[in-house]
Amino acid sequence: MRLFSIFFLSMLVFASCNTRQKISDEEVLEKGAAISGKLLTALLSELTAEINENGVAEAINYCALEALPITHRISDEEGVVLSRVSHRFRNPLNAANEAELKLIENYTHLQQAGEPLSPVVVAGRGTKTFYSPIVLGAPLCLSCHGSSVEIDPRVMAVINERYPDDRAVDFNLGEVRGMFKVEFKD
Ligand code: HEC
């Protein structure tokens, strides 16, 4: 009888482990795109509102203070770990790791070959991570990430002061700038 209960209990535990919901790649792609879109919309609307109201030199201060808090707020709302990562980062907290550098390099090659850039899902231990490329798509981006000799000197002054190790200038329009990263529990 005792043996039977142990057997029965272990079957129950086994069954409950087995029924734990795993997230599918399709779901990661779908939710990852929606959450990255939410971050992009939030950042862009804040950025354009600030630029229109106070100009680029003020907007960059605002961006420096608010980009990460906005990102963290959306992470909490969505129950994921959300970030932007880059090979040529401005904020060292956004530096891409080794594996991410390879993904960015791959996106850059695809882009140079004129191939489409699609999001990917990377499975880890207990996680699935969504990555999608960020391309410098609008001339607006160049006012803070474009040629360092063309950027307004007041903007350059803020960049140099706030980000002594900045690597995020001298990008061209259309270049891969980094990736959205959304980490889900699996
Ligand atoms: C007003 C200046 C400004 C403009 C315009 C701007 N950025 Fe940024 N960008 C920043 C600052 C400042 C940071 C660092 C934010 C931080 O400290 O978290 C940043 C960070 C980033 C990052 C995160 C990786 C990193 O390097 O830290 C990406 C990706 C990025 N910008 C892409 C863009 C794109 C794409 C555009 C155009 C749609 C754009 N930026 C326009 C100022 C700007």
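**Brief notes about the packing of aromatic side chains**
(1) Moving on: This structure, assessed with the given rule, holds zero aromatic pairs.
(2) Moving on: Arg88 extends its terminal NZ or CZ atom over the ring of Phe171, reaching a point 3.8 Å from the ring centre.

**A closer look at the side chain of Arg90**
(1) Moving on: Take Arg90: it is sitting in the loop between strand E1 (81-85) and helix H4 (98-112).
(2) Moving on: Under the relative-accessibility criterion, Arg90 is labelled buried at 10%.
(3) Moving on: There is a polar contact of 3.5 Å between the side chain of Arg90 and the side chain of His145.
(4) Moving on: Here Asp166 takes part through its side chain, which lies 2.8 Å from a polar atom of the side chain of Arg90.
(5) Moving on: Residue contacts for Arg90: discarding those within four places in its chain leaves Ile60, Cys144, His145, Ile159, Tyr163, Asp166, Ala168, Val169 and Arg177.

**Some points on the pairing of strand E4 (residues 176-185)**
(1) Moving on: In terms of burial, E4 is a largely internal element, eight of the ten residues being buried.
(2) Moving on: Note that E1 and E4 share five bridges and pair antiparallel. Residue pairing across strands places Val81 opposite Glu183, the latter belonging to E4.
(3) Moving on: With nine bridges connecting them, strand E3 (residues 127-135) and E4 associate as antiparallel partners. Looking at E4, one finds that Val135 is bridged to Val176.

**Section: the layout of surface pockets**
(1) Moving on: Of the volumes computed, that of the largest pocket is approximately 900 Å³.
(2) Moving on: It is helix H3 (residues 56-78) that provides the largest number of residues to the lining of the largest pocket, a total of ten residues.
(3) Moving on: The residue makeup of the lining of the largest pocket, split by class, is 25 nonpolar, eight polar and five charged.

Quick notes on the rules
Residues numbered from 1 in each chain as written. Predicted model: local features only at pLDDT ≥ 70, side-chain atom pairs only at ≥ 80, totals over all residues. Heavy atoms only, no water. Phe/Tyr/Trp six-rings, centres within 6.5 Å; stacked < 30°, edge-to-face > 60°. Lys NZ or Arg CZ within 6 Å of the ring centre and 35° of its normal. Helix = DSSP H or I, 4+ residues; strand = E, 2+ residues; numbered from the N terminus. Buried < 20%, exposed > 50% of the residue type's maximum accessible area, 1.4 Å probe, protein only. Polar contact = N/O pair within 3.5 Å; in protein donor to acceptor, adjacent residues only side chain to side chain. Contact = heavy atoms within 4.5 Å. Pairing = 2+ DSSP bridges. 1 Å grid on protein atoms, 1.4 Å probe; cavity = no way out; pocket = protein on both sides within 12 Å on 5 of 7 lines; lining within 4 Å. Points joined across faces, edges and corners; volume = space filled by probe spheres on them. Nonpolar A, V, L, I, M, F, W, Y, C, P; charged D, E, K, R; others polar.

Function cannot be inferred from these measures alone, as they are strictly geometric.
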